[in-house]
Amino acid sequence: RAPSMAVPRLLRAGERVVPFPARPARVTPPPAVGASGLVLQSRLVPCKPVDDKLLSEPLSHPDFFNVKELFSLKDLFDARVHLGHKKGCRHRFMEPYIFGCRLDQDIIDLDQTMQHLQLALNFTAHIAYRKGIILFISRKRQFCHLVESTARECGEYAHTRYWQGGLLTNAHIQFGPGVRLPDLLVFLSSLNNVFEPHVAIRDAAKMNIPTVGVVDTNCNPCLITYPIPGNDDSPTAMELYCKLFRMTIIRAKDKRRQSEVFNELRSKAEGN
Amino acid sequence: ASGPEKYTEEFIKKQIEEFNLGKRHLANMMGEDPETFTQEDIDRAVAYLFPSGLFDKQARPMMKHPTEIFPEQRKIQWGEDGRPFHFLFYTGKQSYYSLMHVSMENICDILNRNLAGSRWLTKIELEEMLLEKLSDDDYSRFIQLLEKLMTLPCVDMEEKHIRKFSKEVPMQLKKVVIEPLKYDERGVAFSTGEGTRKTAKATVVVYDNGTGKITVNGIDILHYFPVLQDREQLLFPFQFLDRVGKHDMVCTVSGGGRSTQAGAIRLASAKALRSFVTEKEVEFMRQAGLLTLDPRVKERKKPGQEGARRKFTWKKR
């Protein structure tokens, strides 16, 4: 919803800070990529007025799915999310998110992490509510199995293997005509095995696909739509992230099913 | 478009309908029953209606079912709403990577399983199972037979039968047991300890209510260890626990050199003193490094070098 919330973020090119009350009440849903790569009327946009209400109602609340209750500062601290890399590995653009440095090791500011995590989980929940395709990406070998299992349990998709160059940009030749691209990429570790930013970040930006990513102190948060500053190397931290994403997605999907059933019953009652 | 030509499912379905219709027309033309018109009948009919003198049988006119003519295509991997069926679809090689995923899961399962040892049933348990009395000889013979069976290859086939006679024993963490104090004929409390360092072995008996007299191999320490450093090593555990003049010690030591023997006796006396002291102080001793065996041994000499680390003198020419 809001780039203009109380989170100090680097203003990216093209982003204008609009004062909060002046925004229009109904926000259009993010345009998904259709078959030909152009921004089309996609399967996410509703046709009936009943569905219209179904999709616009969550957008009027700041935290419709109540993702704030899923985690607390103590949980993040216990899972060692605040531990960053050494001072020498620090990326210039991660400096706003770093709380301080102790014995040469960077400590990430958990207050900012809480805010970013809430925004990111809220966004994922909205995408899952609208039946979007979510693709989990992580190139860390230790957590490859964990990430794939998480994706399988949610009913979403995962890619923790070698990224072939044309997966997003050349999809129609690689997969076949009429393939549907993911509507959200979730990076549980935004670097690849040679400590460079993952190619998928750049490709998603090219294809207008929003990204959510866990950025460590040696990562570049620039092209990621919803960065989450936090540790991506500890097993406890990764398990926490997987658990949070899994719970939000399942919650959003259940809510969607409930709303649809509710709407059906209501329309039947009105019909009678 | 690149690669082999791709046929859509609707196209293939249409071809199949046309083939069936054509088959019935052909049957009518030949005057046969359309319902029982087999592929051999079709071939014969086509060969009769379109005679060809071409030598290559594949070049002659043929009418076959479309599935035999058009190569098999990979079906569309996603449903009506566009969501792919397999969760690893976006990797490109979904079947291969799902195999890797399943194998990894098996590895994790095996590693997480509590590695339990197993033991054979005892004589009493076997008696209960068979409801017969056994002699020790019978029992030992049976166990020998089972052991012999285990050593043979292809044991898996009989595994079910063998498992009836073995029990699982869960692995338990070994907790270091501190021995209680023993009392000799005079009523004085004493305890023994053993220690090693490099190649020296030492056994030590520490007596309570003593005056601080220490004997090594029957010789007083002042004569056995003329150097102050070695005597300080022996003194360290007592100094740490503030029990300098309160214990007597009788040691036997062999192997090693002067300071090695001193280190061995120090470790042995620290181990013996554990019985006299509270658990908290034992923990302090452990943190001070008094109870740790020194792992340093003489490093082997390597070929091409003068010693373990020293290389031969480098000559420029």
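Residues numbered from 1 in each chain as written. Chains lettered and ligands numbered in written order. Predicted model: local features only at pLDDT ≥ 70, side-chain atom pairs only at ≥ 80, totals over all residues. Heavy atoms only, no water.

- In the nomenclature of an unreviewed UniProt entry, chain B is known as Small ribosomal subunit protein uS9m of Aquila chrysaetos chrysaetos.
- For the record of chain B, the UniProt heading Subcellular location (unreviewed entry) holds the text "Mitochondrion".
- Annotation of chain B in UniProt includes, under Sequence similarities (unreviewed entry), the sentence "Belongs to the universal ribosomal protein uS9 family." (UniProt positions renumbered as here; feature names shortened; annotations may be inferred.)

- Under an unreviewed UniProt entry, the name given to chain A is Small ribosomal subunit protein uS2m, and the source organism is Aquila chrysaetos chrysaetos.
- Reading the Subcellular location (unreviewed entry) entry of the UniProt record for chain A gives the comment "Mitochondrion".
- Among the UniProt annotations of chain A, the heading Function (unreviewed entry) holds the following wording: "Required for mitoribosome formation and stability, and mitochondrial translation."

**A word on the pairing of strand β8 (residues 248-254) of chain B**
Remark: a regular strand shows side chains that alternate across the two faces of the sheet.
Residue and element names in this part refer to chain B.
Right, so step 1: In β8, alternate side chains face the same way, and those of Met249, Cys251 and Val253 are buried while those of Asp248, Val250, Thr252 and Ser254 on the opposite face are not.
Right, so step 2: Inspection of the sheet shows strand β5 (residues 200-207) paired to β8 by seven bridges, in the antiparallel sense. Bridge pairing links Tyr207 to Asp248 in β8.
Right, so step 3: Inspection of the sheet shows strand β6 (residues 214-216) paired to β8 by three bridges, in the parallel sense. Within β8, the residue paired with Val216 across the bridge is Cys251. (Buried < 20%, exposed > 50% of the residue type's maximum accessible area, 1.4 Å probe, protein only. Helix = DSSP H or I, 4+ residues; strand = E, 2+ residues; numbered from the N terminus. Pairing = 2+ DSSP bridges.)

**With respect to the sheet that holds strand β7 (residues 219-220) of chain B**
Either a parallel or an antiparallel arrangement is found when strands of a sheet pair, and the pairing is made through backbone hydrogen bonds.
Residue and element names in this part refer to chain B.
Right, so step 1: Taken in spatial order, the six strands line up as β3-β4-β5-β8-β6-β7 in an open sheet, and their pairing is mixed. Only two strands of the sheet have a single partner each, and these edge strands are β3 (182-183) and β7.
Right, so step 2: With two bridges connecting them, β3 and strand β4 (residues 189-197) associate as antiparallel partners. Each residue of the ladder has a partner; that of Tyr183, found in β4, is Ala189.
Right, so step 3: Against the sheet, helix α10 (residues 258-273) makes contact with β4, β5, β6 and β8, and its axis sits at roughly 140 degrees relative to β4, the strand it touches most. (Contact = heavy atoms within 4.5 Å. Axes fitted to C-alpha atoms, helices over the stretch in contact; angles between N-to-C directions.)

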